[in-house]
Amino acid sequence: MEAAVEETYRPQILIPLDGSKLARSAVEAILPLAKATNATMTLVSVMEPVMDRHFEPFAHAEDVSIAEAIETYLESEARHVSDDTGLVVTSMLLGGFGELPGEVLARFAADNGFTLVAMSTRGLSGFKRLIMGSIAKQLLDVTEVPVLLFPAT
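Read on for a plain summary of the structure. Please read all numbers here as calculations on a predicted model, not as lab measurements.

### Concerning the nonpolar core
Phase 1 of the analysis: In this structure, Ile-13, Ile-15, Leu-17, Ile-30, Met-41, Leu-43 and Val-89 are the most contacted members of the largest nonpolar core, which totals 24 residues.
Phase 2 of the analysis: For this core, the elements supplying multiple residues, two or more each, are strand 1 (12-16), helix 1 (21-37), strand 2 (40-47), helix 3 (66-85) and strand 4 (116-120).
Phase 3 of the analysis: Once residues within four sequence positions are removed from consideration, Ile-15 is found in contact with Ala-26, Val-27, Ile-30, Met-41, Thr-42, Leu-43, Val-44 and Ala-118.
Phase 4 of the analysis: By size, the runner-up hydrophobic cluster in this structure holds 15 residues, among which are Leu-14, Phe-108, Phe-114 and Val-117.

Structure (structure tokens):
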């Protein structure tokens, strides 16, 4: 008789990053939960024109494309968090031109079995929010995956 294989539940947390310190703060904020549950984390960015402002200086300094700069950033962040915590942390750049980033994130989270999306919010309101939009709002409007938002501080 074969021994039963015990399956251990391991949450999968998706963390969208855009290269800003504010977005990166969600990683630090979710670490206690990730450590307590031995979760895996995936750091992602959605390729969109507005991201160029965060990554363009790095891309020009390193003579690489914006996409390569973003991938390098994500890989570095994933390696850093994994080395510091011992958790499994991966990274991925998602294509999103022509689509709302929140919709890209929602589809990716659902298609890949994520149990939670954790992200920071910019805390925009009024006219700025109307003009710039809110990726968190886009995501909340279309996802069925739980979302944990960390407000700007």
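### Quick notes on the packing of helix 1 against helix 3
Phase 1 of the analysis: Running from amino to carboxyl end, helix 1 crosses helix 3 at an angle of 35°, the nearest separation of the two axes being 12 Å. Taken as a pair, helix 1 and helix 3 cross one another with a handedness that is right-handed. Contact residues: Arg-24, Val-27, Leu-31 and Lys-35 in helix 1; Tyr-73, Glu-77, His-80, Val-81 and Thr-85 in helix 3.
Phase 2 of the analysis: Taken together, the residues of the contact of helix 1 with helix 3 break down into four nonpolar, two polar and three charged.

### Comments concerning the sheet that holds strand 1
Phase 1 of the analysis: Taking strand neighbours across the sheet as the criterion, the five strands line up as 3-2-1-4-5 in an open arrangement whose pairing is parallel. In this open sheet, the two strands that pair with only one neighbour each are strand 3 (89-95) and strand 5 (147-150). Taken pair by pair, the neighbouring strands of this sheet meet at an average axis angle of 25°, ignoring direction.
Phase 2 of the analysis: With five bridges joining them, strand 1 and strand 2 adopt parallel strand pairing. Residue pairing across strands places Ile-13 opposite Met-41, the latter belonging to strand 2.
Phase 3 of the analysis: Along the sheet, helix 3 contacts strand 2 and strand 3; its crossing angle with strand 3, the most-contacted strand, is approximately 160°.

### Topic: the pairing of strand 1
Phase 1 of the analysis: Of all the five residues making up strand 1, four are buried; the element is thus mostly covered by neighbouring parts of the structure.
Phase 2 of the analysis: As paired elements, strand 1 and strand 4 share two bridges and run parallel to each other. Its bridge partner being in strand 4, Ile-13 is matched across the sheet by Leu-116.

### Here we look at the environment of Leu-17
Phase 1 of the analysis: The residue Leu-17 is located in the loop between strand 1 and helix 1 in this model.
Phase 2 of the analysis: For Leu-17, a relative accessible area of 4% gives the class buried.
Phase 3 of the analysis: Spatially, the C-alpha atoms of Leu-17 and Ser-120 are 8.8 Å apart, while their sequence positions differ by 103 residues.

### Considerations on the pattern of salt bridges
Where side chains of opposite charge bring their charged atoms close, a pairing between them can arise.
Phase 1 of the analysis: Per the counting criterion, the structure on display carries four salt bridges.
Phase 2 of the analysis: Note that Glu-99 is salt-bridged to Arg-107, the shortest N-O span being 2.9 Å.
Phase 3 of the analysis: Note on Glu-99: relative accessible area 36%, which makes it partly exposed.
Phase 4 of the analysis: According to the relative accessible area criterion, Arg-107 is partly exposed, its value standing at 40%.
Phase 5 of the analysis: Note that Lys-137 is salt-bridged to Asp-141, the shortest N-O span being 2.7 Å. In this pair, Lys-137 and Asp-141 both sit in helix 6 (residues 135-142), four residues apart, roughly one turn of the helix.
Phase 6 of the analysis: The exposure class of Lys-137 is partly exposed, given its relative accessible area of 39%.
Phase 7 of the analysis: When its relative accessible area of 51% is taken as the criterion, Asp-141 is described as exposed.
Phase 8 of the analysis: One salt-bridge network, in which partners are shared between bridges, spans Arg-24, Glu-28 and Glu-77.

What counts, and where the lines are drawn
Residues numbered from 1 in each chain as written. Predicted model: local features only at pLDDT ≥ 70, side-chain atom pairs only at ≥ 80, totals over all residues. Heavy atoms only, no water. Core = buried A, V, L, I, M, F, W, Y, C linked by side-chain atoms within 4.5 Å. Buried < 20%, exposed > 50% of the residue type's maximum accessible area, 1.4 Å probe, protein only. Helix = DSSP H or I, 4+ residues; strand = E, 2+ residues; numbered from the N terminus. Contact = heavy atoms within 4.5 Å. Axes fitted to C-alpha atoms, helices over the stretch in contact; angles between N-to-C directions. Left-handed = near helix turned anticlockwise from the far one by under 90°. Nonpolar A, V, L, I, M, F, W, Y, C, P; charged D, E, K, R; others polar. Pairing = 2+ DSSP bridges. Salt bridge = Lys/Arg side-chain N within 4 Å of Asp/Glu carboxyl O.

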